[in-house]
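Chain residues, written in single-letter form:
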Amino acid sequence: MHGFHSMVKLFCVRSVRDTQCGFKLFTRAAARACFVNLHVSGWAFDVELLYIAEKLGITISEIPVTWTEIDGSKIVPVLSWLQMGKDLVLIWLRYTAGIWTIDSKRK
């Protein structure tokens with residue numbers, strides 16, 4: 001996952017160390033502003049969600065939580081990593097090219 005985190009920092013989210021771990025907690029206004037702009041529905045959806053929050057100037061804080069790993073993860077190691085990497089590049093490319101836009105007024 002170190003490679004994935006490096007790609008996230010390079011292409012999408014710079015203010016969060018680990019986009020895949022922990023809880024995402026939003027105010028009602030922030031949730032409305034972010035979720036209506038969301039396009040990705042796969043494993044990398046939270047990267048796009050944090051990307052949108054950064055672009056909208058929403059304050060993001062990381063707060064440590066105690067995590068207990070439970071067997072039965074739905075991630076298929078190589079296949080899921082490839083899909084998440086592809087999603088990262090597509091998030092960056094589509095926003096950079098203007099194919100996807102962030103509408104701060106949508107609710």
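Residues numbered from 1 in each chain as written. Predicted model: local features only at pLDDT ≥ 70, side-chain atom pairs only at ≥ 80, totals over all residues. Heavy atoms only, no water.

Q: So what's going on with the packing of helix 2 (residues 28-35) against helix 3 (residues 45-55)? Residues and values would help.
A: Look at helix 2 against helix 3: their axes get within 9 Å of each other, and the N-to-C directions meet at 110°. By the angle between their directions, the pair helix 2 and helix 3 is classed as roughly perpendicular. As helix 2 runs across helix 3, the sense of the crossing is right-handed. Where helix 2 approaches helix 3, its residues Ala 33, Cys 34 and Phe 35 are matched on the opposing element by Leu 49, Ile 52 and Ala 53. Grouping the constituent residues of the contact of helix 2 with helix 3 by class yields six nonpolar, no polar and no charged. (Axes fitted to C-alpha atoms, helices over the stretch in contact; angles between N-to-C directions. Helix = DSSP H or I, 4+ residues; strand = E, 2+ residues; numbered from the N terminus. Parallel < 35°, antiparallel > 145°, perpendicular 65-115°, else oblique. Left-handed = near helix turned anticlockwise from the far one by under 90°. Contact = heavy atoms within 4.5 Å. Nonpolar A, V, L, I, M, F, W, Y, C, P; charged D, E, K, R; others polar.)

Q: Lay out the side chain of Asp 87 in plain terms, naming residues and giving numbers.
A: Mapped onto the elements, Asp 87 comes out in helix 4 (residues 77-96). Apart from residues no more than four positions distant in its own chain, Asp 87 is found in contact with Val 40, Gly 42 and Ala 44.

Q: Please set out the confidence of the model for the protein chain residue by residue, giving values where relevant.
A: Chain-level statistics for the protein chain give a pLDDT mean of 85 and a share of 94% at 70 or above. Within the protein chain, helix 1 (residues 2-11) has the poorest average pLDDT of any element, 75, and helix 2 the best, 93. (pLDDT = per-residue confidence, 0-100.)

Q: Would you mind going over the pattern of salt bridges in detail, with residue names and values included?
A: Per the stated rule, a full pass over the model turns up one salt bridge. We note a salt bridge from Lys 24 to Asp 46, for which the minimum N-O separation is 3.4 Å. One end of the pair, Lys 24, is in the loop between helix 1 and helix 2; the other, Asp 46, is in helix 3, with 22 residues separating them in the sequence. Classification of Lys 24 as partly exposed rests on a relative accessible area of 29%. (Salt bridge = Lys/Arg side-chain N within 4 Å of Asp/Glu carboxyl O. Buried < 20%, exposed > 50% of the residue type's maximum accessible area, 1.4 Å probe, protein only.)

Q: Any details on the nonpolar core? Residues and values, ideally.
A: Membership of the largest hydrophobic core comes to 19 residues, with the highest contact counts inside it found for Cys 12, Val 13, Val 47 and Ile 91. Mapped by element, the contributors of at least two residues to this core are helix 1, helix 3 and helix 4. With sequence-adjacent residues up to four places away left out, Val 47 is seen in contact with Phe 4, Val 8, Cys 12, Val 13, Thr 19, Gln 20, Leu 88 and Ile 91. (Core = buried A, V, L, I, M, F, W, Y, C linked by side-chain atoms within 4.5 Å.)

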